[in-house]
Amino acid sequence: MYRIVNKKELNPTVTMMDIYAPLVADKALAGQFIILRVDGDGERIPLTVAGCDKEAGTVKIIFQVVGGTTMRLNAKKQGEYISDFVGPLGRPTETDGVKKVCIVGGGVGCAIALPVAKRFKELGCEVHSIIGFRNKDLVILEDEFAACSDKLTVMTDDGSYGRQGVVTAPLKEGIEGGENYDKVIAIGPLIMMKFVVATTKPFGVPTVVSMNPIMIDGTGMCGGCRLTVGGKMKFACVDGPDFDGFEVDFDEAMRRSSMYSDFEKRERELSCNLFKKEA
Amino acid sequence: MAVLPKKNAMPVQDPQVRAHNFDEVALGYGREVAMAEAQRCLNCKNKPCVSGCPVNIAIPDFISKVKEGDFEGAYEIISRSSSLPAVCGRVCPQETQCEGKCTLGIKFEPVGIGRLERFVADYHNANFNGKANVPLSNGHRVVVIGSGPSGLTCAGDLAKKGYKVTIFEALHLAGGVLVYGIPEFRLPKNIVAKEIETLKSYGVDIQTNVVIGKTITVDELFAMGYEAVFVGSGAGLPRFMGIPGESLKGVYSANEFLTRSNLMKAYEGDSRTPIMHAKHVAVVGGGNVAMDAARTALRLGADSVSIVYRRSMEELPARKEEVEHAMEEGIKFELLRNPVEIIGYENPEDKRDPKNGFVTGLKVIRCELGEPDEKGRRRPVEIAGSEYVMDADCVIMAIGTSPNPLIKSTTDGLDVNKHGGIIVEESTGATSRAGVYAGGDAVTGAATVILAMGAGKTAAKAIDEYISSK
């Protein structure tokens with residue numbers, strides 16, 4: 001059992017937790033992920049590590065309440081336990097040879113982008129961050145990004161906070177304006193990452209995307225997380241989750257991610273009803 | 001006394017009934033039938049059956065005990081050689097091992113050794129209330145990576161010798177392929193749990209949710225004071241064919257399909273694990289895993305399930321009993337056919353049609369058998385122009401696995417072959433790195449439970465010698 005040491009709601013649908021898992025905290029690097037199960041009969045879900053505290057032995061996770069499992073996780077209180085927590089899995093984000101980087105985060109993806117931005121900052125890189133949200137209420141981690149970025153742009157779809165528009169607009173302006181990024185790292189919804197790649201590719205700016213497909217074991221055993229990258233089949237859990245954005249087949253990944261959408265909808269409704277009854 | 005020419009029949013669930021449930025197919029001998037079957041053993045001098053068993057169980061000795069009705073005595077003899085008798089009695093390919101060598105089998109059907117082993121183990125599990133003799137600790141600590149058949153066997157043998165064994169398991173539940181791969185109807189999970197409890201009673205410590213190579217490395221294990229490491233991490237990455245359409249929705253690796261159903265309990269109606277309840281399922285491959293996937297799909301409610309295999313019935317690598325059971329249940333065998341493409345739905349009018357990207361069929365080409373390959377199996381040769389499309393809304397690839405790179409890539413000095421399998425000295429399981437031993441599918445690629453157990457046993461003996469001689 002793994003204790004929830006700390007729990008905080010970042011916005012109405014996004015929650016942060018620190019989980020006591022010293023072995024994982026000791027090893028986890030930016031870009032890696034963990035797999036958890038909330039309770040004895042629950043599904044295994046992958047979540048990218050949002051930070052860790054080696055001293056305290058805790059691993060930070062930030063998740064959006066989207067389905068049955070994340071609802072159950074969100075129903076757990078500080079001091080309670082979850083049944084399983086394993087990691088760190090996947091490869092850490094590569095940082096070699098990068099002097100200037102642009103980190104692009106979308107929605108809850110910003111939670112994963114933050115430790116990556118921090119890591120580059122620690123290594124002495126110039127870090128520009130662009131973070132985007134649907135509206136003002138959903139903005140998370142702005143102060144944390146500000147602390148580790150040389151330049152921060154906050155975007156909202158509806159203009160209720162920061163600049164109005166999508167993340168690719170300031171990215172394009174920056175590149176056209178002569179920001180010579182060694183690398184762009186995009187972490188967020190598939191559609192956002194697809195458009196980031198469409199923006200950077202004409203300029204030939206190397207772009208890394210962090211993929212978060214359907215997964216079970218997280219160690220290469222099931223093959224459920226397979227993607228097509230550069231025409232070859234790759235497993236996100238052992239070959240990724242970071243991949244060369246120019247090579248990823250996003251359309252296929254988007255399709256595969258909807259394989260269980262009917263089931264998830266039903267499960268979400270069931271869970272909602274369950275919590276309504278309990279409340 | 002005349003010997004009965006045939007084995008005493010194994011009572012089984014009716015095929016029509018069992019095709020719709022996940023309860024165990026074979027029901028097991030009762031004591032009278034077991035004693036009658038034991039009478040068939042000639043107690044011959046050569047005991048060829050023993051050499052046919054990868055863990056060399058003293059088969060005629062345990063059968064003699066069954067004859068006398070001393071079932072606990074029989075169990076004691078089996079457990080000297082095997083840590084998982086209730087499992088082996090169910091899943092070993094006896095026809096190519098012990099029973100394949102049985103002297104009686106020259107003229108008649110061989111003795112039902114597997115059925116007797118299963119009976120003895122089940123009898124013990126149901127009736128034994130005593131405590132295991134916990135061996136005296138010898139103060140040495142050993143790590144076993146993976147809690148599948150090879151790891152459990154290695155851990156059991158070492159624990160019985162007094163070693164303090166810690167097993168690290170990557171998943172949340174111990175048992176490896178016995179819990180994620182082999183379905184409930186063939187190997188009930190309470191039996192696996194019982195065997196694991198027995199091991200724990202010998203002092204084996206099992207730590208789940210630890211991925212060696214990620215959470216802790218092999219080097220760190222030695223630094224922590226463990227004196228030897230056994231790698232039994234299993235087969236790993238599922239293979240795909242490399243044909244178009246393998247990323248469509250409704251295409252699974254057998255590993256994923258079976259893991260969803262078995263480990264994640266999607267077979268239980270109210271499970272929170274999604275799995276496709278398809279109408280027409282095509283399973284590609286001819287091994288035990290293919291049979292398990294096909295029979296699972298049938299039980300999940302498919303109207304039709306086909307095994308698609310590129311050779312003929314003769315070459316089918318699955319255990320004979322599984323093939324027979326599958327046929328009785330109505331699994332179709334589309335033999336001498338090789339898949340060339342998986343076809344998906346695509347609405348040209350509507351890119352957002354939710355049906356887009358789901359499997360609708362499997363295009364196969366007919367084959368005939370040509371010259372034998374290096375293993376002596378006749379090679380399938382495609383017949384030009386014979387392609388056609390089978391109806392399928394789910395395709396399951398059960399064509400084997402390639403070894404997992406996690407441990408190799410984080411352990412210095414561990415040599416692997418060109419397929420990625422860990423290289424070991426066959427007689428000891430020793431790898432290229434001192435103190436590190438390996439066995440099971442991590443070495444051989446996908447094979448059987450009992451071969452993995454044999455490798456775990458060999459390595460346990462070698463680890464004992466290695467540590468004793470230090």
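Residues numbered from 1 in each chain as written. Chains lettered and ligands numbered in written order. Predicted model: local features only at pLDDT ≥ 70, side-chain atom pairs only at ≥ 80, totals over all residues. Heavy atoms only, no water.

Focus: the overall build of chain A
Now for step 1: For chain A, the helix and strand inventory stands at 9 helices and 17 strands.
Now for step 2: For 279 residues, the compact-globule estimate of 2.2 N^0.38 gives 19 Å, and chain A sits close to it at 18 Å.
Now for step 3: Within chain A, the fraction of its 279 residues that count as buried is 56%.
Now for step 4: Within chain A, contacts between residues at least 6 apart in sequence are counted, and of these 65% link residues at least 24 apart.
Now for step 5: Looking at chain A, you have 35 positive and 38 negative side-chain charges, and the mean spots of the two groups are 2 Å apart. (Helix = DSSP H or I, 4+ residues; strand = E, 2+ residues; numbered from the N terminus. Rg over C-alpha atoms; globule rule 2.2 N^0.38 Å. Buried < 20%, exposed > 50% of the residue type's maximum accessible area, 1.4 Å probe, protein only. Contact = heavy atoms within 4.5 Å. Lys, Arg positive; Asp, Glu negative; His and termini not counted. Charge placed at Lys NZ, Arg CZ, Asp CG, Glu CD.)

Side note on the domain arrangement of chain A
Residue and element names in this part refer to chain A.
Now for step 1: As far as domains go, chain A holds domain 1 (2-89) and domain 2 (100-257).
Now for step 2: Relative to domain 2, the C-alpha centre of domain 1 lies at a distance of 21 Å.
Now for step 3: Counting residues at the interface gives 19 residues for domain 1, matched by 19 residues for domain 2.
Now for step 4: Taking both partners together, domain 1 and domain 2 bury about 1,600 Å²; carbon and sulfur atoms supply 68% of that area.
Now for step 5: Summed over the shared surface of domain 1 and domain 2, the number is 0 salt bridges.
Now for step 6: Where domain 1 packs against domain 2, one counts 3 residue pairs in polar contact (both at pLDDT 80 or more).
Now for step 7: Looking at the side of domain 1 that touches domain 2, the elements that each hand over two or more residues are strand E1 (2-11), strand E3 (33-37), strand E4 (45-48) and strand E6 (58-64). (Domains from an automatic or database assignment. Buried area = accessible area lost by both parts, 1.4 Å probe. Salt bridge = Lys/Arg side-chain N within 4 Å of Asp/Glu carboxyl O. Polar contact = N/O pair within 3.5 Å; in protein donor to acceptor, adjacent residues only side chain to side chain.)

Details of the packing of aromatic side chains
Now for step 1: Scanning all chains against the criterion turns up 8 aromatic pairs over all chains.
Now for step 2: Measuring from ring centre to ring centre gives 6.1 Å for Tyr-2 of chain A and Phe-85 of chain A, while their planes differ by 40 degrees; the resulting arrangement is tilted. Placement of Tyr-2 of chain A in strand E1 and of Phe-85 of chain A in strand E8 (residues 84-89) is noted, with a sequence separation of 83 residues between them.
Now for step 3: Lying across the ring of Tyr-226 of chain B, Arg-141 of chain B places its NZ or CZ 4.3 Å from the centre.
Now for step 4: If you follow Arg-299 of chain B out to its NZ or CZ, it ends over the ring of Phe-185 of chain B, 3.9 Å from the centre. (Phe/Tyr/Trp six-rings, centres within 6.5 Å; stacked < 30°, edge-to-face > 60°. Lys NZ or Arg CZ within 6 Å of the ring centre and 35° of its normal.)

Brief notes about the interface of chain A and chain B
Interface size is commonly expressed as the accessible area that is lost once the parts come together.
Now for step 1: In this assembly, 42 residues from chain A lie in contact with 42 residues from chain B.
Now for step 2: The largest share of the area that chain A buries against chain B comes from Met-221, Arg-255 and Met-259 of chain A, three residues that together contribute 19% of it.
Now for step 3: Summed over the shared surface of chain A and chain B, the result is 2 salt bridges.
Now for step 4: Residues Glu-220 of chain B and Lys-27 of chain A are paired through a salt bridge, measuring 2.6 Å at the closest nitrogen-oxygen approach.

Some details on the pattern of salt bridges
Residue and element names in this part refer to chain B.
Now for step 1: Inspection of every chain in the model, using the stated rule, returns 39 salt bridges over all chains.
Now for step 2: Linking Lys-457 and Asp-157 is a salt bridge whose minimum nitrogen-to-oxygen distance equals 2.9 Å. Linking Lys-457 in helix H17 (residues 449-468) with Asp-157 in helix H9 (residues 149-160), this pair joins segments that are 300 residues apart in sequence. Side by side, Lys-457 and Asp-157 carry an identical accessibility label, which is buried.
Now for step 3: One connected set of salt bridges, linked through shared partners, spans Arg-18, Arg-115, Arg-186, Asp-292, Arg-295, Arg-299, Arg-319, Glu-321, Glu-322, Glu-328 and Glu-329.

Looking at the domain arrangement of chain B
All names here are of chain B.
Now for step 1: Under the domain assignment, chain B is made up of domain 1 (15-127), domain 2 (141-236 + 402-468) and domain 3 (240-399).
Now for step 2: Distance between the C-alpha centres of domain 1 and domain 3: 33 Å.
Now for step 3: Listed by partner, the interface residues are 15 residues for domain 1 and 13 residues for domain 3.
Now for step 4: Both faces combined, the contact of domain 1 with domain 3 buries some 1,100 Å², and carbon together with sulfur accounts for 52% of it.
Now for step 5: When residues of domain 1 are sorted by the area they lose upon contact with domain 3, Arg-18, Ala-19 and Phe-22 head the list and together hold 49% of the total.
Now for step 6: Joining domain 1 to domain 3, the criterion identifies 3 salt bridges.
Now for step 7: With its nearest N and O atoms 2.8 Å apart, the salt bridge here joins Arg-18 to Glu-328.
Now for step 8: Among the secondary structure elements, those contributing two or more residues to the side of domain 1 that touches domain 3 are helix H1 (15-18) and helix H6 (85-91).
Now for step 9: With 3 residues, H1 is the largest single contributor of residues to the side of domain 1 that touches domain 3.
Now for step 10: Broken down by class, the residue content of the side of domain 1 that touches domain 3 amounts to 7 nonpolar, 4 polar and 4 charged. (Nonpolar A, V, L, I, M, F, W, Y, C, P; charged D, E, K, R; others polar.)

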